[in-house]
Every structure is written in C-alpha cells, then in structure tokens.
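# Commentary on secondary and tertiary structure
For reference, the chains in residue letters:
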Amino acid sequence: MKVHILNEMAMTRTEAISICMDLGKKFIEHFHKIYSEGKTSENFNHHCAEMQSWLDKCKSIKLKSNNKYLTPVNLIDWFFTAGGCIDEDNGFTDYAEIDTYNEFILALAANKDIKVKNVLQQILH
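Because the structure is a prediction, the values reported are computed rather than measured.

As a further point, take the environment of Val119. Along the chain, Val119 falls in helix H6 (residues 116-123). Distance from Val119 to Phe104, taken between C-alpha atoms, is 6.5 Å for residues 15 residues apart in sequence. When sequence neighbours within four positions are dropped, the list of residues in contact with Val119 reads Phe104, Ala107, Leu108 and Ile114.

The calculated volume of the largest pocket comes to roughly 150 Å³. Elements with a contribution of two residues or more to the lining of the largest pocket: helix H4 (72-80) and helix H5 (95-110). Split into classes, the residues belonging to the lining of the largest pocket amount to seven nonpolar, two polar and two charged.

A word on unusual backbone geometry. Positive phi outside glycine occurs at Asn67, with the angle close to 55°. Position of Asn67 relative to the elements: it lies in the loop between helix H3 (44-59) and H4. The exposure class of Asn67 is partly exposed, given its relative accessible area of 26%. A positive phi angle, close to 55°, is found at Ala82, a residue other than glycine. Locating Ala82 in the fold gives a position in the loop between H4 and H5. Of the residues examined, Ala82 reaches a relative accessible area of 7% and is grouped as buried.

The next subject is the state of the cysteines. Within this structure, the stated rule accounts for zero disulfides. No disulfide involves Cys58; its sulfur sits 3.6 Å from that of Cys20, the nearest cysteine. For Cys58, a relative accessible area of 0% gives the class buried.

Its location among the elements puts Glu97 in helix H5. Notably, Glu97 is buried but unbridged: the nearest opposite-charge side chain belongs to Lys33, and the N-O separation is 12 Å. Not counting residues within four places of it along the chain, the set of residues in contact with Glu97 comprises Phe31, His32, Tyr35, Gly91 and Phe92.

The rules behind each value
Residues numbered from 1 in each chain as written. Predicted model: local features only at pLDDT ≥ 70, side-chain atom pairs only at ≥ 80, totals over all residues. Heavy atoms only, no water. Helix = DSSP H or I, 4+ residues; strand = E, 2+ residues; numbered from the N terminus. Contact = heavy atoms within 4.5 Å. 1 Å grid on protein atoms, 1.4 Å probe; cavity = no way out; pocket = protein on both sides within 12 Å on 5 of 7 lines; lining within 4 Å. Points joined across faces, edges and corners; volume = space filled by probe spheres on them. Nonpolar A, V, L, I, M, F, W, Y, C, P; charged D, E, K, R; others polar. Buried < 20%, exposed > 50% of the residue type's maximum accessible area, 1.4 Å probe, protein only. Disulfide = S-S within 2.5 Å. Lys, Arg positive; Asp, Glu negative; His and termini not counted. Salt bridge = Lys/Arg side-chain N within 4 Å of Asp/Glu carboxyl O.

Written as structure tokens, this is what we have:
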C-alpha cells in the first residue's frame, strides 16, 4: 500500500520539469523585486515566503522513474534557472545582480534545510 501512495505522489520527468519551470519563473521575478527593493522593504517577508513555498513544492517532487526527490542539479536546471540561463531572457541585465543570484541559488541548492529569507538576509547589502 505504501508503494501505491508514493507512486501517486511521484510524477514524470516532463511533469516535474513543467512545474519547476513555471514556479521558477515566479521565483526569479520575485528575486528581481527583492533585489531592487532591498531587504528592508515592507514586501521582503512576503516575497521570501512566496519564494520559499515554490522552492518547497519543487523540493517535494519525486520522479516516477526512480521514486527519488529531485537532485540539486535538477533544481538548478529546471527551477532556479526556469530551464534557461541567468541572462537577459530571465531579466538579468546587471552583473552584480547575476553574481548575487548565483550565490543565492548555490546556497539553496547545496543545503536542503536552509531558508530563502536567511540566505537573502546574508547576501543582500
């Protein structure tokens, strides 16, 4: 019975990529807002909470093919970059913002328990 329940929660690679890319676009848009408004903005906590919920949803995805959670590489390729690059196509035109976003996503991908808000508070000036 447990296997049946787990398989119901697992999804195909195509489904996982689609969900991650859709949520990743929102995640990147909110990063741009936070980066431009700063961590003292009245919207900071709200944006961080939304970003955390999208990240948590993607981290909870299991693939049907192996019944394992997405790897950090999957998260970077599909979610944090929304299937693209950290470039103008994703709204990144400033090298300092690109460097900050790369530092941000590497910290999140490397540590499954770290929180969006904590990383942003540490890396934003």
